[in-house]
Amino acid sequence: MDTRLIQTAVLGNPESDEPVICPEDPEELVAFRLEHAGNSWWCGINLPGGCGRRLITRLYTDKICHFAHVPDPHGASGSRLPCNRRLRGKEDADHLFIRADIARWLRQQNIEADLSLSTPVGSAVTARLNDGRLLVIHLDTNSPPAWDAEEVWEYILGPGCGISQDVLTQRGHVYRIRMEGRSDRGRRFSVAGIERPGEHTQWFDLANLKVTADGIDTVDKAHSPQRAQVPSPHIKQPAPDQRSIVSVTRSSATVPRPHQLRPPTARRLDNAVYEESPARVKSAMLGLKDAIAHEDVEDDELAALKAAHDRGQRWLEKRARLRRIVIEQFQERVDAGKDPGALARQAWDLVGEEDATDEDKAKTEAIQQKWHQVLRERREAAARREAEANQAARKEARRAAEEQRRARDRESARQDLEERRARLSSLVPFVRGGLKRAAGNGEMRSWQELQHKTGAPGLKRLSYEDRVALLVLVGQKTPADEPLWSVLLIAHGDQEALAMHRAVAAELGRDVAENDLELIAQLTAQRAELHRLYQ
C-alpha cells in the first residue's frame, strides 16, 4: 500500500509540465475533483524523484487529503522508474509553477520565448527570448549561478539561493523570485523581489518587472534599481583578474539611496506596501504626517516625505478599487456557476482588512454561501447520478446473470439430448435384431422380454418418450411397403401402446387409423405380414 502523502502532481500525462497541488481540505478536494473531472494526475518525471505513474486523490476528514499512486503490483503502468518522492511536499513543484508564471509574465509583455527545465530536475528554468537573449531563473540552492557565463543575459535567483556580498555589491542589485507561501486549490503563485546591498529584499508583484532592451527593470520606479554604480567602502573589491567573474555591463545597479532621501518613516511605508498590509500602511502614513509637521525638516527630505504619503494614499485607494473588483469578479464567477478559484480567498483576504466595509463583508459572505450551495447541489446531483448508475449496473448485472443461467440451461439441455440420443442409438441394433428374431419365430415381445432376449440393459426402464424415440430410430430404415417393427411391441387394447405407435408412425410419416378398433385390426394384419416376411 502507498503510504506517502504526496501533495503535488502534474496534469494530463507523465511528461507534463503543468503542476497541481492537492487541496488539504475535504470540501476543497471535492470541488477540485469536479474542476478536474476530465483530467488525470501523474507522478510526473518533471517532479524531483517522480516515477511517471498515475496518481489518484485520497479524501480524509481526520488527516490532510493527498495524492497516492494507483496500485500497480504488476507494473502495468509501464514505468520503470522508482518513485523517490517519499520526503517531498508541496514545494517540489515550485519550479513548474515558476516556469508557468514566467511564461505568463513574458506573454503579457508580448515577448515570445522558448522555456525549458534544466537538469537536474528543479535546478533552473531557462527562457530563450526571441531576440536570442537567455534568461535563467536559478533555483539550485547548492551551487551559485555562473555569473561570468557569456551566454546568459540575466539571472533571477530563486528561494534560498545565496549571493556573496562581493557579487551583490559589484552588481548593485539582484532580482529574486519566490512563491507567496500559500496555495489556492491546486496551484501556487510567484512574487518578485529586488535585493540590494545592506537592505532586506523588497517583494512585489511579478507584473511590476518588465524586460527592456538593456535588461530587467521595474514598472514602478520606486522599486527601480539605480544605474550609477557606487561601490561600498566597507566591502573589499575583487582583484582585477577576478572582476570578470562578477562584472555585468548591462545592469549596474547601485547600493541604497542616501539616508536623508529615504527617511525611516518612508521606508516603513514602502515595506508596508510591499507586504500588502493596509493597517501598517495607515500607521506609517500617520508617522509621515507627524514628520511632515516638524518645522526643521529639510526641503529635499520634506519632498520625499510628502511623496511617500501620496504613494500610501494612492495605494489605499488602489486597494479599495481592487477589493471592489475582486468582489465583483467573485460574484460573476459564482453567478455563472464557475469555480471562483483564487478569487474566493483573495476576496476574503481583502474584506478581512480593517478598512473593508460591512457591506463588502456581507456581500462576500453571501457570495460564499451561494457557492457552497452550488457545490452542495453539484455533490447531490453527482450522488444521484452515481446512485442511478449503480442501479442501472445492478439491473444489468441481474439481466446478465439471468442470461447466463438460461445459456447454462440450454447447454445442459443440449448435452442431455446428445447423451440421450447416443444412449438410444446404442440400443437400436439390439432392439431391431431382437424384433427380427421374434418375427422369424412368429412371436411378439414386451419390453421386459426384449431386454431378456437381447441382453440390452435398461430397456424395460425406458420412459415413454425414450421408447418412442428408440422405436423411431429402429424404424427409420424400414422400407415404406413393410410394416414398422414397433407393431411387435404393441399389446392388444393397450391405450399407451396404441398412442406410442401413433407417435412413432407420425414421426416416420406413416398413416394409421384414427379409431382404436380399426388401429388394432391394422396392427394385427401388420404383425402377420412381418411373421410371413421373416419366417
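The structure under discussion appears in the preceding block.
In this text, all values refer to a predicted model and were calculated from it rather than measured experimentally.

Draft legend 1. Layout of the overall build of the protein. A count of helical and extended segments in the protein gives 13 helices and 14 strands. Per-residue burial for the protein yields a buried fraction of 43% across its 535 residues. Expressed as a percentage of contacts within the protein between residues at least 6 apart in sequence, the contacts between residues at least 24 apart total 57%. Counting every atom, the protein has about 29,400 Å² of accessible surface; 49% of that belongs to carbon and sulfur.

Draft legend 2. A look at the packing of helix α1 (residues 26-35) against helix α9 (residues 358-440). Between α1 and α9, whose axes approach to 11 Å, the crossing angle comes to 65°. Classified by the angle between their axes, α1 and α9 sit roughly perpendicular to one another. Along this stretch, α1 crosses α9, giving a crossing that reads as left-handed. On α9, the residues touching E27, V30, A31 and L34 of α1 are H372, L375, R378 and R379. Residue composition of the contact of α1 with α9, by class: four nonpolar, one polar and three charged.

Draft legend 3. Region of the structure containing the environment of P457. Among the structural elements, P457 can be located in the loop between α10 (447-454) and α11 (464-475). Separated by 30 residues in sequence, P457 and L427 place their C-alpha atoms 8.7 Å apart. Residue contacts for P457: discarding those within four places in its chain leaves L427 and Q451.

Draft legend 4. Layout of the packing of helix α8 (residues 342-351) against α9. Two elements in contact, α8 and α9, have axes whose closest approach is 10 Å; the angle formed by their N-to-C orientations is 155°. By the angle between their axes, α8 is roughly antiparallel relative to α9. Judged by the sense of rotation from one axis to the other, the crossing of α8 with α9 is left-handed. In this structure, α8 uses A344, A347, W348 and V351 to contact α9, whose residues at the interface are D360, K361, T364, E365 and Q368. Here the residues of the contact of α8 with α9 sort into four nonpolar, two polar and three charged.

Draft legend 5. Local environment of the pattern of salt bridges. Under the counting rule described, the total for this entry stands at 23 salt bridges. We note a salt bridge from R104 to D101, for which the minimum N-O separation is 2.5 Å. On the criterion of helical spacing, the pair formed by R104 and D101 is a turn pair, its members being three residues apart in helix α2 (residues 94-108). For E529, the salt bridge goes to R532, with nearest N and O atoms at 2.5 Å. Taken together, the residues span about one helical turn, with E529 and R532 both in helix α13 (residues 516-534) at a distance of three residues. A relative accessible area of 53% means that R532 is categorised as exposed. Taken together, the shared-partner salt bridges in this structure form one network comprising R319, R323, E353 and D355.

About the thresholds
Residues numbered from 1 in each chain as written. Predicted model: local features only at pLDDT ≥ 70, side-chain atom pairs only at ≥ 80, totals over all residues. Heavy atoms only, no water. Helix = DSSP H or I, 4+ residues; strand = E, 2+ residues; numbered from the N terminus. Buried < 20%, exposed > 50% of the residue type's maximum accessible area, 1.4 Å probe, protein only. Contact = heavy atoms within 4.5 Å. Areas by Shrake-Rupley, 256 points an atom, 1.4 Å probe, with all protein chains shown as cover. Axes fitted to C-alpha atoms, helices over the stretch in contact; angles between N-to-C directions. Parallel < 35°, antiparallel > 145°, perpendicular 65-115°, else oblique. Left-handed = near helix turned anticlockwise from the far one by under 90°. Nonpolar A, V, L, I, M, F, W, Y, C, P; charged D, E, K, R; others polar. Salt bridge = Lys/Arg side-chain N within 4 Å of Asp/Glu carboxyl O.

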